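Here is how the chains run, residue by residue.
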Amino acid sequence: MSTLFQNYARRPVHIVNGQGTIVTDDQGKEYLDFTSGIAVVSLGHAHPAIVEALKQQSEKLWHISNLFASPEQEQLAAALVTDTPFGQAFFCNSGAEANEAAIKLARRHTKKNIIITFEQSFHGRTFGAMSATGQDKVRQGFGPLLETFRTIPYNDKQQLEAAIDEDVAAIMLEAIQGEGGVNQLDPDVAQAITDICQEKGILLIIDEVQTGISRTGTRYAYEQTNLQPDIITLAKGLGGGFPIGAMLGTKALAESFGPGTHGTTFGGNPLAVAVAQAVINIVFEDEFLQQVQRTSDYLIDKLQATLPQDQFAIRGEGLLLGIVCQDEVAPIIQQAEAAGLLLVQAGTHVIRLLPPLTVTNEEIDKAIAILASILLDEK
Ligand code: PLP
């Protein structure tokens, strides 16, 4: 029997090496990795720039804690907030932690405690983030949950308006729900959220843990919407595989997180910050973002040309795409793996495509050939 808690339904493949989009298992079999470790390995596996950043930092200083000044955190924070509404950053170690920070900041700043969240959302597994998450399967068996979240349907303006009262501190959402099925926010609802937040002084928290750091073809997904966030949360792609999370907030929120209010031992650790800085230096470049958009267009065009549109809908932005299938996708994902393509699902009926942002058109062609052989064969 395994010595590990069986809280993950692990696939039996043991990956031992990764270079770019290709990973290799312990039997020497190669796979195209269209999961990026669930939207994490943004520059592909073992990108030389981040390997070098980690090597150099590992010879200087691994850890010193947030008891001391950190010009490196300052520099990374400045890079993350440039040309955004944000003025402040807080570093932590994961997406759930970034969301905990956001929930705490919103409550402390507004002195209110209700946060509106949405069905099918995913915000993490800690108590606050889990209570915010709009999926029963995530929360089952852990009750009673925090009762201060009001969870409503994602694209329903009327229910949104009905849920607002004077106790609401914040609205918290993903601009595209990743885990929940690659669900996109209706622009009308986005506008209603912006209007409500402005009229009522309600904070807007956007969880960009999956969509952020250029995954959707812009630095942050909210940039493609009419949402005007006060807070965003980041993790996953920020470290390109090294654990780091972040919360960005407007200057108006700065005083609500004064000394001693919130913290973490490891957050913004020198190794994590060095790697994240190397990631940002590349993925925030205009030319890199344009390339992500071109790659996305290529992938979408190819998918649409290959898969009958009455049977398979394609949705998402950038390189966070979903193929909506009529059947459950778990067996398809298994077959793809056997054929050398790693995929991850979103909900029960959506295949999520999350290749590294550096994926080539040739790799996309190979992945689509594998997908076509499975999806078209089944019909
Ligand atoms: N928020 C979103 C949108 C996510 O997709 C995830 C993870 O999938 C999280 C939060 C939680 O992040 P982590 O697993 O790093 O705690």
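These numbers come from a predicted model, not from an experiment. (Residues numbered from 1 in each chain as written. Predicted model: local features only at pLDDT ≥ 70, side-chain atom pairs only at ≥ 80, totals over all residues. Heavy atoms only, no water.)

Per the counting criterion, the structure on display carries five aromatic pairs. Residues Tyr220 and Tyr222 carry aromatic rings whose centres are separated by 6.0 Å and whose planes lie at 10° to one another, so their mutual orientation is stacked. In this structure Tyr222 comes out as buried when scored by relative accessible area, which is 7%. Here the aromatic rings of Tyr220 and Phe284 are separated by 5.7 Å at their centres, their planes lie at 85°, and the arrangement is edge-to-face. (Phe/Tyr/Trp six-rings, centres within 6.5 Å; stacked < 30°, edge-to-face > 60°. Buried < 20%, exposed > 50% of the residue type's maximum accessible area, 1.4 Å probe, protein only.)

With that settled, the discussion passes to the layout of surface pockets. Reported here for the largest pocket is a volume of approximately 2,100 Å³. Around the largest pocket, the lining comprises 50 residues; the ones closest to its centre are Tyr8, Gly37, Ile38, Glu179 and Val344. Mapped onto the lining of the largest pocket, the elements with two or more residues apiece are helix H1 (36-39), helix H4 (95-110), helix H6 (136-139), helix H11 (330-338) and strand S16 (344-346). Looking at which element gives the most residues to the lining of the largest pocket, the answer is H11, with four residues. For the lining of the largest pocket, the domains that each give at least three residues are domain 1 (62-283) and domain 2 (285-317 + 334-343 + 362-379). What lines the second largest pocket is a set of 28 residues, among which Gln73, Gln88, Ala89, Phe90 and Phe257 lie closest to the centre. Elements with a minimum of two residues in the lining of the second largest pocket: helix H3 (71-81), strand S4 (88-92) and strand S12 (245-249). (1 Å grid on protein atoms, 1.4 Å probe; cavity = no way out; pocket = protein on both sides within 12 Å on 5 of 7 lines; lining within 4 Å. Points joined across faces, edges and corners; volume = space filled by probe spheres on them. Helix = DSSP H or I, 4+ residues; strand = E, 2+ residues; numbered from the N terminus. Domains from an automatic or database assignment.)

For the rest of this paragraph, the subject is the confidence of the model for the chain. Per-residue pLDDT for the chain averages 97, and the proportion of residues at 70 or more is 99%. Element-level mean pLDDT values for the chain span from 93 in helix H12 (residues 361-378) up to 99 in strand S11 (residues 231-234). (pLDDT = per-residue confidence, 0-100.)

Another point: the domain arrangement of the chain. Segmentation of the chain into domains returns domain 1 (62-283) and domain 2 (285-317 + 334-343 + 362-379). Placing the centre of domain 1 and that of domain 2 at their C-alpha centroids yields a distance of 29 Å. The interface of domain 1 with domain 2 comprises 15 residues on the first partner and eight residues on the second. Summed over both sides, the interface between domain 1 and domain 2 buries roughly 990 Å², with carbon and sulfur atoms accounting for 53% of that surface. A per-residue breakdown of the area domain 1 buries against domain 2 is headed by Gln184, Gly217 and Val283, which together make up 38% of the total. The tally of links from domain 1 across to domain 2 stands at zero salt bridges. (Contact = heavy atoms within 4.5 Å. Buried area = accessible area lost by both parts, 1.4 Å probe. Salt bridge = Lys/Arg side-chain N within 4 Å of Asp/Glu carboxyl O.)

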